[in-house]
Amino acid sequence: MTAITNLLDLEPSALTQWCNELGEKPFRARQLQRWIHQFGESEFDLMTDLAKSLREKLHGRACVSAPPIMADHLSTDGTRKWLFDVGVGDAVETVFIPEDGRGTLCVSTQAGCAVNCRFCSTGKQGFSRNLAVGEIIGQLWTAEFMLRRSQSIPAGPKGERQITNVVMMGMGEPLLNYGPTVSALRLMLDDHSYGLSRRRVTLSTSGVVPMMDKLSQDCPVALAVSLHAPNDALRDDLVPLNKKYPLAELMRACQRYLEFAPRDFITFEYCMLDGVNDSVSHARELIALVRDVPCKFNLIPFNPFPESGLKRSANPRIKAFAQVLMNAGIVTTIRKTRGDDIDAACGQLAGEIQDRTRVQERTQKLAEYQKKYGKDFGRIVEIGG
Ligand code: SAH
Ligand code: SF4
């Protein structure tokens, strides 16, 4: 018996190759790609202009299969979050953020993460596994066509696209799952699928220097770098990967990347942690650090979770920090918290349901959450069950 190929796992060149092995011409691969990624179709028999002979070959050899949805939450501000089941107790999340004139999807690339940043609940889960191409692009595929269906927008290239921007800022370190991430990026950019411009696709990394260089050659999309500290001593503590690729090396890698990047700046993300990295002197140190890197700053108010022992900086402190950067001529934005009522920020939910069998432990955690934040976290139990 031949193994069933999930066509969502195939980037454009791999789909052409796969069709070639079936004795089919490249234009058949493009047709198939359009049915899948522009019409959201998974039933071969509904792909009406595919030759009947090809449809027959596809049956029993191929499928179009995205990870099953475990939960789908809609926030009062329009933010929508899906939780996808990626098998054996692992779940990843995907967040859609609608804004005036655009819709951004935040996708995950790994279940868990090995980098283990101190302020990140995904990191605290540890690393479970890399997502396959189909599990990464499947998040975009599912989200785009569900969003269209919920608004009665027709599938196909003429239907108004709901997702205009993608950020690889969900769970996981994309550059430590390099091959599948790049294949998924190629599908996002290809004109026969989502046709997104490189400027509208942003990859966020904690600073895996050699892979930043590789990305600049293989698929240069917009780059965000998670900085979080202005010196090595503090960054070693917050982002342990810094011990391997310290700041001076990271800054040089950013400069090299910009020679090939679709945008002429790097976005530095900086998580604002009360009393840790948020003083005016930290901001001044940052200005010196990034002196030779054209950049913008995005300050992210820390999203707390119980085990972190860290607190979010108060708003006036964040504003003062931003002002120092802006006075030095650096464009700085403070990220708005979206989807607060559905915990749509940074790995908070998926971590909690990772092991769905540990009911007692989980129930205890829920009680802790409720006590600490006074929020209703009850649905986590519903999803897990
Ligand atoms: N691994 C990649 C991409 C995923 S994390 C990276 O680290 O860049 C996406 C962004 O969310 C990163 O900038 C990360 O530092 C930030 N982040 C993680 N946990 C957070 C938290 N609890 N509060 C605010 N931002 C957080
Ligand atoms: Fe991994 Fe990014 Fe979280 Fe760090 S911030 S642990 S790199 S997902």
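Remember, predicted model here, so these are calculated numbers, not experimental data.

Procedures and definitions
- Residues numbered from 1 in each chain as written.
- Chains lettered and ligands numbered in written order.
- Predicted model: local features only at pLDDT ≥ 70, side-chain atom pairs only at ≥ 80, totals over all residues.
- Heavy atoms only, no water.
- Phe/Tyr/Trp six-rings, centres within 6.5 Å; stacked < 30°, edge-to-face > 60°.
- Lys NZ or Arg CZ within 6 Å of the ring centre and 35° of its normal.
- 1 Å grid on protein atoms, 1.4 Å probe; cavity = no way out; pocket = protein on both sides within 12 Å on 5 of 7 lines; lining within 4 Å.
- Points joined across faces, edges and corners; volume = space filled by probe spheres on them.
- Helix = DSSP H or I, 4+ residues; strand = E, 2+ residues; numbered from the N terminus.
- Nonpolar A, V, L, I, M, F, W, Y, C, P; charged D, E, K, R; others polar.
- Buried < 20%, exposed > 50% of the residue type's maximum accessible area, 1.4 Å probe, protein only.
- Pairing = 2+ DSSP bridges.
- Right-handed = clockwise from strand over helix to strand, strands pointing away.
- Polar contact = N/O pair within 3.5 Å; in protein donor to acceptor, adjacent residues only side chain to side chain.

Asker: Sorry if this is basic, but what is going on with the packing of aromatic side chains here?
Answerer: Each aromatic ring pair is summarised here by two numbers: the centre-to-centre distance and the angle between the ring planes. Enumeration over the complete set of coordinates arrives at five aromatic pairs. An aromatic cluster is present here, built from Phe268, Tyr270, Phe297 and Phe321 joined pairwise through their rings. Positioned above the aromatic ring of Phe265, the side-chain terminus of Lys296 is 4.2 Å from the ring centre.

Asker: Looking at this structure, I do not really get the layout of surface pockets. What am I missing?
Answerer: A probe matching the size of a water molecule, rolled over the atoms, marks out where space remains unfilled. Space inside the largest pocket adds up to approximately 1100 Å³. Taken together, 39 residues make up the lining of the largest pocket; nearest its centre are Arg102, Val167, Met169, Asn298 and Arg335. Element by element, the count of residues in the lining of the largest pocket is highest for strand E13 (residues 295–301), at five residues. Tallied by class, the residues present in the lining of the largest pocket amount to 18 nonpolar, ten polar and eleven charged.

Asker: Would you mind showing me how to read the pairing of strand E11 (residues 222–226) here?
Answerer: Residues in a regular strand project their side chains so that they alternate between the two faces of the sheet. Most of E11 sits inside the fold, with five of its five residues counted as buried. By the alternation rule, side chains of E11 split into Ala222, Ala224 and Ser226 and Leu223 and Val225, which are all buried. One ladder, built from four bridges, connects strand E10 (residues 201–205) with E11; its direction is parallel. Bridge pairing links Leu203 to Leu223 in E11. Each parallel crossover has a hand, and the one from E10 via helix H7 (residues 209–218) to E11 is right-handed. Relative to strand E12 (residues 266–272), E11 runs parallel, the two being bridged by three bridges. The residue of E12 that forms the bridge with Val225 is Phe268.

Asker: How should I be thinking about the environment of Tyr178 in this particular structure?
Answerer: When you line up the elements, Tyr178 lands in helix H6 (residues 178–189). A residue is classified by how much of its surface remains accessible, and Tyr178, at 13% relative accessible area, is buried. Here the alpha-carbon distance between Tyr178 and Met212, two residues 34 residues apart in the chain, equals 10.0 Å. At a separation of 3.3 Å, a polar atom in the side chain of Tyr178 contacts the main-chain carbonyl oxygen of Lys214. At 3.2 Å, the side chain of Tyr178 and the backbone nitrogen of Leu215 are in polar contact.

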